[in-house]
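Below are the chains, spelled out letter by letter.
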Amino acid sequence: MNNKVKVEFWGVRGSVPSPGPETIKYGGNTSCVSISYKDKILICDAGTGIRDLGSSLVQDPNKEIYILLSHSHWDHIQGFPFFKPIYQPDRPVYMFPSLLKKNIVLSSLVEQMDGAHFPVTPDQVPSNFNFITHNPLAFLSKNGFDIELVFLNHPGSALGYKIKVNDITICYFTDNEIEPPYKKTIEFDQLVEKCNTADVLIHDAQYTKEDMPLKHGWGHSLIHQVTELGHEAKVKNIVYFHHDPERSDEQLDKLLDIEANWLKSKNSLSNPIFAQERLILEF
Ligand SMILES: [Zn+2]
Ligand SMILES: [Zn+2]
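Here the residue numbers are simple positions, counted from 1 along each chain's written sequence. A letter from A marks each chain and a number from 1 marks each ligand, given out in the order of writing. Since the coordinates come from a predicted model, pLDDT governs what is reported: local features require at least 70, and pairs of side-chain atoms require 80 or more to be given and counted, while whole-chain, interface and lining totals use all residues. Excluded from the side-chain calculation are hydrogens and water; included are all heavy atoms of the structure.

Undergrad: Can you explain the coordination of the zinc ion (ligand 1)? Please cite residues and give values.
TA: Protein-derived ligands of the zinc ion (ligand 1) are D75 (OD), H76 (NE2), D175 (OD) and H242 (NE2), with the metal-ligand distances lying across 2.1 to 2.3 Å. Because water is not among the atoms used, a metal site may look incomplete, as its donors are only the N, O and S atoms within 2.8 Å, or 3.2 Å for Na, K and Ca. Geometry is assigned from donor-metal-donor angles: four donors are tetrahedral when every angle falls between 85 and 135 degrees, four are square planar and six octahedral when opposite donors sit over 155 degrees apart with all other angles between 65 and 115, and any other arrangement is irregular. Relative to the metal, the four donor atoms surrounding the zinc ion (ligand 1) lie at angles of 90 to 163°, and the coordination shape comes out irregular. Along the chain, the residues donating to the zinc ion (ligand 1) are arranged with the sequence spacing D-H-x98-D-x66-H. In this structure, the zinc ion (ligand 1) is positioned 3.6 Å from the zinc ion (ligand 2), and both are ligated by D175. Highlighted residues: H76 in the loop between β4 (64–68) and β5 (92–95) and H242 in the loop between β11 (237–241) and α6 (249–265), separated in sequence by 166 residues. The rule is simple: take the accessible area with a 1.4 Å probe, protein chains only, and divide by the maximum for that residue type; under 20% is buried, over 50% is exposed, in between is partly exposed. Residue class for H242 comes out buried when judged on its relative accessible area of 0%. Going along the chain from the N terminus, every DSSP run of H or I of four or more residues is numbered as a helix, and every run of E of two or more is numbered as a strand.

What follows is the structure, given as structure tokens:
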């Protein structure tokens, strides 16, 4: 068995899928990242990228699947009905609805399968949906994933996850506006403290200065703010995530160069990576 921690990117786009000739390199699927360790896989978000992940998991029926959601916006849930393991008889799939809101028992992943928005309803699905509402963090810890919740700045709120697995720390902070015009849930300094010296910081980097002021308050960060956060926190790998659907491969390549040069000029310890589909980081 492979004893490495494997972080894999299946969907790196924000807001809406954006396939086409302009987005071949980075990919057009919406948010989905997996973290595998031994016989377990933790999935962060179920945007359309989860479809490809599901196809790869079908061959591996013994792997236990845990799905965390940052929040229930479309680009984080829409791929779930197309996730093949849920059509495998008796396959255990664990979800954690109470992490998002108190007193909810059914995940929005499953609620969208209501017959109106998707034709197959949950009672027609042969896998076992397990909703862990009692002490979900203890359940995940018992299974090898120590998780701290981090409440982010986002309209309607979003949850970040600081995940520790086999001594590797991965911060999944997407749909976070580092400097919003509305009242902050978390300050910059607190974000620095949360991801301090993390091995991987995966952070929403949807906008550039040119997108402002129109999109100020829409719940996403400027690319350069993510660079400043990662550098300040001395994270080893800054992974820029949740790219704008309008951003072409060529534009993303240029933006990466700008951030890499800035980090170099500061003698930074942080390595900048623009997330792309099928990128794998192994530790
Ligand atoms: Zn989003
Ligand atoms: Zn959102």
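There is more to say, and it comes next.
Undergrad: Just give me the short version of the pairing of β4, but keep the residues and values in it.
TA: Within β4, four of the five residues are buried, which leaves it mostly tucked inside the rest of the structure. Strands were regarded as paired on the criterion that DSSP finds at least two bridges between them. The pairing of strand β3 (residues 40–44) with β4 spans five bridges and is parallel. Counted as the bridge partner of L42 is Y66 from β4. Once the chain exits β3 it traverses helix α1 (residues 50–57) before rejoining the sheet at β4, and the crossover so formed is right-handed. Sheet analysis places β4 next to β5, joined by three bridges and oriented parallel. Note that in β5 the partner of Y66 across the bridge is Y94. Handedness is read with the strands pointing away from the viewer; a crossover is right-handed when the path from the first strand over the helix to the second is clockwise.

Undergrad: How would you explain unusual backbone geometry if you had to name every residue and give the values?
TA: Backbone phi values are negative for most residues with the exception of glycine, while trans is the configuration of most peptide bonds. A cis geometry characterises the amide bond from M212 onward to P213, with omega recorded as 5°. Assignment of secondary structure puts P213 in the loop between β10 (200–204) and α5 (223–232). At S15, a residue that is not glycine, the phi angle is positive and equals roughly 70°. For S15, the position within the fold is in the loop between β1 (6–11) and β2 (32–37). Classification of S15 by relative accessible area gives partly exposed; the value is 37%.

Undergrad: Lay out the nonpolar core in plain terms, naming residues and giving numbers.
TA: As a rule of thumb, nonpolar side chains are buried together in soluble globular proteins. Judged by nonpolar contacts, the single largest core of 34 residues is most densely connected at F9, I35, L42, F96, I170 and I202. No other element matches the four residues that strand β8 (residues 159–165) contributes to this core. Leave out the neighbours within four places in its chain, and I170 touches V5, V7, I35, Y161, K162, I163, V165, V200 and I202. By convention a nonpolar core is built from buried Ala, Val, Leu, Ile, Met, Phe, Trp, Tyr and Cys residues, the set being connected through side-chain atoms within 4.5 Å. If you look at the next biggest cluster of nonpolar residues, it comprises 24 residues, including I178, I186, C195 and A198. What makes two residues a contact is simply this: any of their non-hydrogen atoms within 4.5 Å.

Undergrad: I'd like a description of the environment of S270, backed by residues and values.
TA: Inspection of the secondary structure puts S270 in the loop between α6 and β12 (271–274). For S270, a relative accessible area of 7% puts it in the buried group. Residues S270 and V5 lie 265 residues apart in sequence; the distance between their C-alpha atoms is 20 Å. Those residues in contact with S270 that sit more than four places away from it in its chain are G230, H231, K234, V235, K236, I238 and L263.

Undergrad: Now, about the packing of aromatic side chains: what can you tell me, with residues and values included?
TA: Stacked, edge-to-face and tilted are the three classes for Phe, Tyr and Trp ring pairs, Trp counted by its six-membered ring, which pair at centre distances within 6.5 Å; planes under 30 degrees apart are stacked, over 60 edge-to-face, the rest tilted. This structure, assessed with the given rule, holds 13 aromatic pairs. Considering the side-chain rings of Y66 and F145, the 6.1 Å spacing of their centres and the 75° angle between planes classify their relative orientation as edge-to-face. Here F145 lies in the loop between α3 (136–142) and β7 (146–151) and Y66 lies in strand β4, a separation of 79 residues in the sequence. In this pair, the class of Y66 matches that of F145, namely buried. Through successive ring pairs, a cluster of aromatic residues spans Y66, Y94, F96, F139 and F145.

Undergrad: Break down the coordination of the zinc ion (ligand 2) for me, with residues and values.
TA: Within the protein, H71 (NE2), H73 (ND1), H154 (NE2) and D175 (OD) serve as the donor atoms for the zinc ion (ligand 2), at 2.1 to 2.3 Å. Each of the four donor atoms around the zinc ion (ligand 2) contributes to a set of angles spanning 88 to 167°, which defines the coordination as irregular. Written as a sequence motif, the donor residues of the zinc ion (ligand 2) are H-x1-H-x80-H-x20-D.

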